[in-house]
Amino acid sequence: MNPYILSIFLLGLGLGTTITFMSSHWLLAWMGLEINTLAIIPLMAQHHHPRSVEASTKYFLTQATAAAIILFASSTNAWITGQWGINELSHPMSSTIMMLGLALKIGMAPLHTWLPEVLQGLDLTTGLIMSTWQKLAPFSLLVQMNLNNSVMIFMAIMSTMVGGWGGLNQTQLRKILAYSSIAHIGWMTLVLQFSPPLTLITLMIYIFMTFSIFSLFKMNKTTSINSLATSWSKYPTITALTPLILLSLGGLPPLTGFGPKWMILSELTKQELNTIATITALSALLSLYFYLRLSYAMTLTLSPNTTPMTNQWRFNTKQPTIHLSISTTLSLMLLPLLPSIMAITN
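All figures in this text were calculated on a predicted structure; none of them were measured in a lab.

**Q** I'd like to hear about the overall build of the protein chain, residue by residue, with values.
**A** Along its length, the protein chain carries 16 helices and zero strands. Expected size for 346 residues packed as a compact globule is a radius of gyration near 20 Å; at 20 Å, the protein chain falls within 12% of this value. The dimensions of the protein chain, computed from C-alpha atoms along their principal axes, are 75 × 50 × 35 Å. Relative to its 346 residues, the protein chain shows a buried fraction of 52%. A separation threshold of at least 6 residues defines the contact pool for the protein chain, and within that pool the share at least 24 residues apart is 78%.

Take a look at the structure:
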């Protein structure tokens, strides 16, 4: 793609998200979501491959449906209450419909089925944008809505379960990361109505970890579990770091990913939701299983050595790695700072 055209689309992505961030009116927020959607579709279809065209078509239809639901919910609320403000969504029917529209936008269960199929048809760079940047605008609306709804808790629990169960039988890395995204969305929205700052901290840490793992897979040029076995001979340092980031995504201490899950379970027990906390903790074990499976495929499985040489040739990469160094450090070593960050945000 032409660099000038690419920069225009990336500016459109930033503009749409910024408009949604700054808006207090539902029509302006809806406009920002639409700009965001229209800016990423050419990036998804830029490779002119049948899979990417199919993925962009599915994404467009899904997001158009979600935008129509959001517009219908905001219009219904304005018709009943006379208010267009985002934090004035007071009618129960309008708030429930709005929550379903935003859940379809970000891929919460049971409205999640489009996300693995769309992500599988994209390259890793566009998939990274889909898994991180595209979540920011809908989450900003969810935080502003001040929901107190049992439907959201039910959808959050279902997302953590579906994200764990769905990734067990997958061999494609992009589908595994899609189910990981669904599970993390469930963790974030579960605690949203009790502690919005904790939701934002969890989203920030999820973005760091997802950025790191997508960048590592892109540098390694791997899209399936089978191709992970050849990574040791190409990038031994990356092969050593990737399992740690995967275990951080799974929430193992003392890595960064343990902090948000620990604080979310602590908040749920403070709210006397012990059953829900137990279910989500058990669902984290399902996700941890396929993270361990990927770690096993990278570190303990060696590819067949078909060459007479002991070591394969390793070429120096031309890609910049400073962003990867920063995100990997944050993904692995941020745990001691989380209590201070939580104290500042509260």
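**Q** Break down the packing of helix 2 (residues 26-44) against helix 6 (residues 124-131) for me, with residues and values.
**A** Relative to each other, helix 2 and helix 6 sit at 160°, their axes nearing to 10 Å. Our classification of the angle between helix 2 and helix 6 gives roughly antiparallel. For the pair helix 2 and helix 6, the sense of crossing is left-handed. Residues Ile40, Leu43 and Met44 of helix 2 lie in contact with helix 6, whose contacting residues are Thr126, Ile129 and Met130. Counted by class, the contact of helix 2 with helix 6 contains five nonpolar, one polar and no charged residues.

**Q** Describe the nonpolar core, naming the residues involved and giving the relevant values.
**A** In terms of nonpolar packing, the biggest core is built from 67 residues, with Ile40, Tyr59, Val118, Met130 and Ile213 touching the most fellow members. Shared between two domains, this core takes at least three residues from each, and those domains are domain 1 (1-124) and domain 2 (148-304 + 319-345). Among the nonpolar cores identified, the runner-up in size contains 28 residues, and Ala29, Met99, Leu147 and Leu192 belong to it.

**Q** Tell me what's going on with helix 13 (residues 258-270), and back it up with residues and numbers.
**A** Helix length check: helix 13, at 13 residues, gives a terminal C-alpha distance of 18 Å against a target of 18 Å (1.5 Å per residue), a fit within 8%. Listed as buried for helix 13 are Gly259, Pro260, Lys261, Met263, Ile264, Glu267 and Leu268. Immediately beyond the C-terminal end of helix 13, within one or two residues, lies Glu272, with a positive phi of roughly 60°.

**Q** Go over the UniProt feature "domain: NADH:quinone oxidoreductase/Mrp antiporter transmembrane" (unreviewed entry) in the protein chain with me, naming the residues and quoting the values.
**A** Listed under "domain: NADH:quinone oxidoreductase/Mrp antiporter transmembrane" (unreviewed entry) in the UniProt record, and renumbered for this structure, are residues 23-286. With 75% helix and 0% strand, the stretch residues 23-286 has end C-alpha atoms that lie 38 Å from each other.

**Q** Break down the packing of aromatic side chains for me, citing the residues and quoting the values.
**A** In the structure shown here, the tally under the stated rule is three aromatic pairs. Residues Phe258 and Trp262 carry aromatic rings whose centres are separated by 5.9 Å and whose planes lie at 5° to one another, so their mutual orientation is stacked. You can see Phe258 and its partner Trp262 sitting in helix 13, four residues apart, about one turn around the helix. The class of Phe258 is partly exposed, set by a relative accessible area of 25%.

**Q** If you had to explain the pattern of salt bridges to someone new, which residues and values would you point to?
**A** Between side chains of opposite charge, a pair can form as their charged atoms come close. In the structure shown here, the tally under the stated rule is two salt bridges. Residue Lys58 pairs with Glu54 through a salt bridge whose shortest N-O separation is 2.9 Å. Of this pair, Lys58 and Glu54 both sit in helix 3 (residues 50-81), four residues apart, which is roughly one turn of the helix. On the basis of relative accessibility, which here comes to 29%, the residue Lys58 falls in the partly exposed class. Residue class for Glu54 comes out partly exposed when judged on its relative accessible area of 41%. Taking the shortest distance from any N to any O, the salt bridge between Lys175 and Glu117 comes out at 3.4 Å.

**Q** Just give me the short version of the side chain of Lys261, but keep the residues and values in it.
**A** With respect to the element layout, Lys261 can be found in helix 13. Of the buried charged residues, Lys261 lacks a salt bridge, with Glu267 as the closest side chain of opposite charge at 17 Å. If sequence neighbours within four positions are ignored, Lys261 has contacts with His184, Trp187, Leu249, Gly250, Gly251 and Ala284.

Cut-offs used in this document
- Residues numbered from 1 in each chain as written.
- Predicted model: local features only at pLDDT ≥ 70, side-chain atom pairs only at ≥ 80, totals over all residues.
- Heavy atoms only, no water.
- Helix = DSSP H or I, 4+ residues; strand = E, 2+ residues; numbered from the N terminus.
- Rg over C-alpha atoms; globule rule 2.2 N^0.38 Å.
- Buried < 20%, exposed > 50% of the residue type's maximum accessible area, 1.4 Å probe, protein only.
- Contact = heavy atoms within 4.5 Å.
- Axes fitted to C-alpha atoms, helices over the stretch in contact; angles between N-to-C directions.
- Parallel < 35°, antiparallel > 145°, perpendicular 65-115°, else oblique.
- Left-handed = near helix turned anticlockwise from the far one by under 90°.
- Nonpolar A, V, L, I, M, F, W, Y, C, P; charged D, E, K, R; others polar.
- Core = buried A, V, L, I, M, F, W, Y, C linked by side-chain atoms within 4.5 Å.
- Domains from an automatic or database assignment.
- Expected span 1.5 Å × (residues − 1).
- UniProt positions renumbered as here; feature names shortened; annotations may be inferred.
- Phe/Tyr/Trp six-rings, centres within 6.5 Å; stacked < 30°, edge-to-face > 60°.
- Salt bridge = Lys/Arg side-chain N within 4 Å of Asp/Glu carboxyl O.
- Lys, Arg positive; Asp, Glu negative; His and termini not counted.

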